[in-house]
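Structural characterization, general
The residues making up each chain are set out below.
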Amino acid sequence: MPASLLELKKKIASVKQTGKITEAMRMVSAAKLAQTEKLDKRFAVYNDQIQQTVSRLVSSAVTDLVDDNGDSLAEVDLRAVFGSGHVTDLLQTRKNVKSTGYLVITGDRGLVGSYNSSAIKSVMSLLEDAKAQNHEAKILAIGSVGASFFKKNDCNIVYENNGISDVPTYEEVLPIISTAIQMYLNGVYDELYVCYTHHVNSLSSAFRVEKMLPIDKFDLNVKEAESTAKVDYEILPDPATALNTILPQYARSTIYGAVLDSKTAEHASSMTAMQNATDNAKDLVSTLTTQLNRARQAQITTEITEIIGGANALE
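Residues numbered from 1 in each chain as written. Predicted model: local features only at pLDDT ≥ 70, side-chain atom pairs only at ≥ 80, totals over all residues. Heavy atoms only, no water.

1. Re a nonpolar patch on the surface
- A cluster of nonpolar side chains, Ile300, Ile304 and Ile308, forms an exposed patch at the surface whose accessible area comes to about 270 Å².
- Topologically, Ile308 is positioned in helix H8 (residues 239-314). (Patch = residues over 30% accessible without salt bridge, like charges linked within 9 Å, V, L, I, M, F, W, Y side chains within 5 Å. Areas by Shrake-Rupley, 256 points an atom, 1.4 Å probe, with all protein chains shown as cover. Salt bridge = Lys/Arg side-chain N within 4 Å of Asp/Glu carboxyl O. Helix = DSSP H or I, 4+ residues; strand = E, 2+ residues; numbered from the N terminus.)

Below is the structure:
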C-alpha cells in the first residue's frame, strides 16, 4: 500500500480517537454543569433572602438618619448608629481610598474556550483604570491560570489559592472568604471587588465586577415598602446585634456565590469547547475519508492503466 494511503489511515484513526476523548470530556463537563447549576439556583434564592434581611435591618437603623441629614449611606458616620465593631467595619465606606483589592476567579486548567482569557483581559483593563486613578491594585488570585498570568506581568498578588474542586462546597471556599474579609479588616486594601465570569446559559457568559466590601448593596426603601404593605417586624434585641451575626455571613455567602457562579460558567465553557472540538474531529474525519477514497480510486485507476498498457504491449 502506498505511503500516502497509510498516512491517511493513521490520521483518520488518530482523529477518531481524539474525537472520542473530547466527547468524553464534554459529557463530564455536562454532568458537572448540571450539579453546579442546581447549587447555583438554590444559592441564588438564599442570597436574595439574606440580602433582603440585611437591607431591612440596615434600613430600620439608618433610614431616618439618612433622611434627616439628606446624606447617602456612604456619607453617614455609622459608628454613631452601630458603634465600633464588625458591623461598622463592613459597612462604612472608607475615605481617601488608596488601595483596591481584586479577587479574581479563574480556572486551573485549559480546554475551556475563552473562559480564562476573557476574564484576565477584563481584569487587566480594571488594573489600568486603577492605575490611572492612583489606586494601588492588589490581586487575590483564585485559580492557577490567572495567578500564573499575573505573576508573569509583575502584578501585586497578595493572596493565591489554587485547586478548587469542580463542584465547590461552602466549607471548601470558607478559608478563602475568611482571608479576603480579614485582609480588608486589617487594612490591606480599602475596598474589595470580586471579578468573575457570570453564567448566563450553556452557550453564553458575561464578565462581572461586583463590589463586595464595604457592603453597600442595600435597598434603603425596603422599610417604606413594608410600611405601605403594613408588614410589622419585631427585632430582638436590636438591629445592631442582629447585624453583628448576619452581616459577616452575608459577606461570606456573597463571595461564595461568585465562586459557584464562576465554576458553573467554566463547566459550560468547557462543555461548549469540547462539543466544538468533537464536531471538528468529525468534520476532519469526513474530509480525510474523502481524500482516502480518492487516493484509492487513483491507485486503482493507475493499476488498471498499467495492466491495459502491459496487455497492449504483448499484442
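2. Some thoughts on the pairing of strand E3 (residues 157-161)
- Where strand E2 (residues 136-142) lies against E3, 4 bridges are found, and the strand directions are parallel. The residue of E3 that forms the bridge with Ile139 is Ile157.
- Traced from E2 through helix H5 (residues 144-152) to E3, the parallel crossover comes out right-handed. (Pairing = 2+ DSSP bridges. Right-handed = clockwise from strand over helix to strand, strands pointing away.)

3. Some points on the environment of Val188
- In this structure, Val188 sits in the loop between helix H6 (170-185) and strand E4 (191-201).
- Owing to a relative accessible area of 24%, Val188 belongs among the partly exposed residues under this scheme.
- Taking the C-alpha atoms as reference, Val188 lies 8.2 Å from Gly101; in sequence the two are 87 residues apart.
- With residues near it in sequence (within four places) discarded, Val188 still touches Ser99, Lys138 and Met183. (Buried < 20%, exposed > 50% of the residue type's maximum accessible area, 1.4 Å probe, protein only. Contact = heavy atoms within 4.5 Å.)

4. Comments concerning H5
- Among all positions of H5, only Gly146, Ala147 and Phe150 are buried. The arc that holds the buried residues of H5, viewed along the axis, is 100°, so those residues lie on one side.
- Those residues of H5 hidden inside the fold are in contact with strand E1 (99-105), helix H4 (115-132), E2 and E3.
- Phi for Asp154, located one or two positions after H5, is positive at around 55°. (Arc of directions from axis to C-beta.)

5. Considering the pairing of E2
- Counting buried positions over the 7 residues of E2 gives 6, a clear majority of the element.
- Summarising the sheet, E1 and E2 pair through 7 bridges and their orientation is parallel. Within E2, the position partnered with Leu103 by the bridge is Leu140.
- The parallel pair E1 and E2 is bridged by H4, and the resulting crossover is right-handed.

6. What to know about the pattern of salt bridges
- Per the counting criterion, the structure on display carries 6 salt bridges.
- The salt bridge partner of Glu266 is Arg109, with a shortest N-O separation of 3.9 Å. You can see Glu266 sitting in helix H8 and its partner Arg109 sitting in the loop between E1 and H4, a full 157 residues away along the chain.
- You can call Glu266 buried: its relative accessible area is 1%.
- For Arg109, a relative accessible area of 29% translates into the label partly exposed.
- In this structure, the salt-bridge partner of Glu266 is Lys263, at a minimum N-O distance of 3.2 Å. You can see Glu266 and its partner Lys263 sitting in helix H8, 3 residues apart, about one turn around the helix. Each member of the pair, Glu266 together with Lys263, is buried.
- Several salt bridges converge on common partners, so that one network encompasses Arg109, Lys263 and Glu266.

7. Structural notes on the nonpolar core
- Formed by 38 residues in total, the largest nonpolar core has its most connected members in Leu103 and Leu247.
- For this core, the element with the most residues is H8, which contributes 10 residues.
- Core analysis: the next-biggest nonpolar cluster, separate from the first, contains 11 residues, Tyr102, Ala130, Ala137 and Ile139 among them. (Core = buried A, V, L, I, M, F, W, Y, C linked by side-chain atoms within 4.5 Å.)

8. With respect to the side chain of His267
- Its place among the elements puts His267 in helix H8.
- Taking the relative accessible area as the measure of exposure, His267 reaches 0% and is therefore buried.
- A polar atom in the side chain of His267 sits 2.7 Å from the backbone oxygen of Asp166.
- If near-sequence neighbours (up to four positions away) are discounted, His267 is found in contact with Ser29, Lys32, Leu33, Thr36, Arg109 and Asp166. (Polar contact = N/O pair within 3.5 Å; in protein donor to acceptor, adjacent residues only side chain to side chain.)

9. Quick word on the packing of H4 against H5
- Where H4 meets H5, the closest approach of the two axes is 10 Å, and the angle between their N-to-C directions is 40°. As the angle between them shows, H4 and H5 are arranged oblique. Here H4 and H5 pass one another in a crossing that is right-handed. Together, Asn116, Ile120, Val123 and Met124 of H4 and Val145, Gly146, Phe149 and Phe150 of H5 make up the contact between the two elements.
- A breakdown of the residues in the contact of H4 with H5 according to their chemical character gives 6 nonpolar, 2 polar and no charged. (Axes fitted to C-alpha atoms, helices over the stretch in contact; angles between N-to-C directions. Parallel < 35°, antiparallel > 145°, perpendicular 65-115°, else oblique. Left-handed = near helix turned anticlockwise from the far one by under 90°. Nonpolar A, V, L, I, M, F, W, Y, C, P; charged D, E, K, R; others polar.)

10. Examining the packing of aromatic side chains
- Under the defined criterion, the tally for this structure stands at 5 aromatic pairs.
- Here the aromatic rings of Tyr102 and Tyr193 are separated by 6.1 Å at their centres, their planes lie at 25°, and the arrangement is stacked. With a gap of 91 residues between them, Tyr102 in strand E1 and Tyr193 in strand E4 connect regions that are remote in the sequence.
- Tyr102 gets classed as buried once you look at its relative accessible area, which sits at 7%.
- For the ring pair Tyr170 and Tyr256, a centre distance of 5.6 Å and an interplane angle of 85° mean the geometry is edge-to-face. Within this pair, whereas Tyr170 is found in helix H6, its partner Tyr256 is found in helix H8, the two being separated by 86 residues in sequence.
- An aromatic cluster of three or more residues is present, and its members are Phe43, Tyr46, Tyr170 and Tyr256. (Phe/Tyr/Trp six-rings, centres within 6.5 Å; stacked < 30°, edge-to-face > 60°.)

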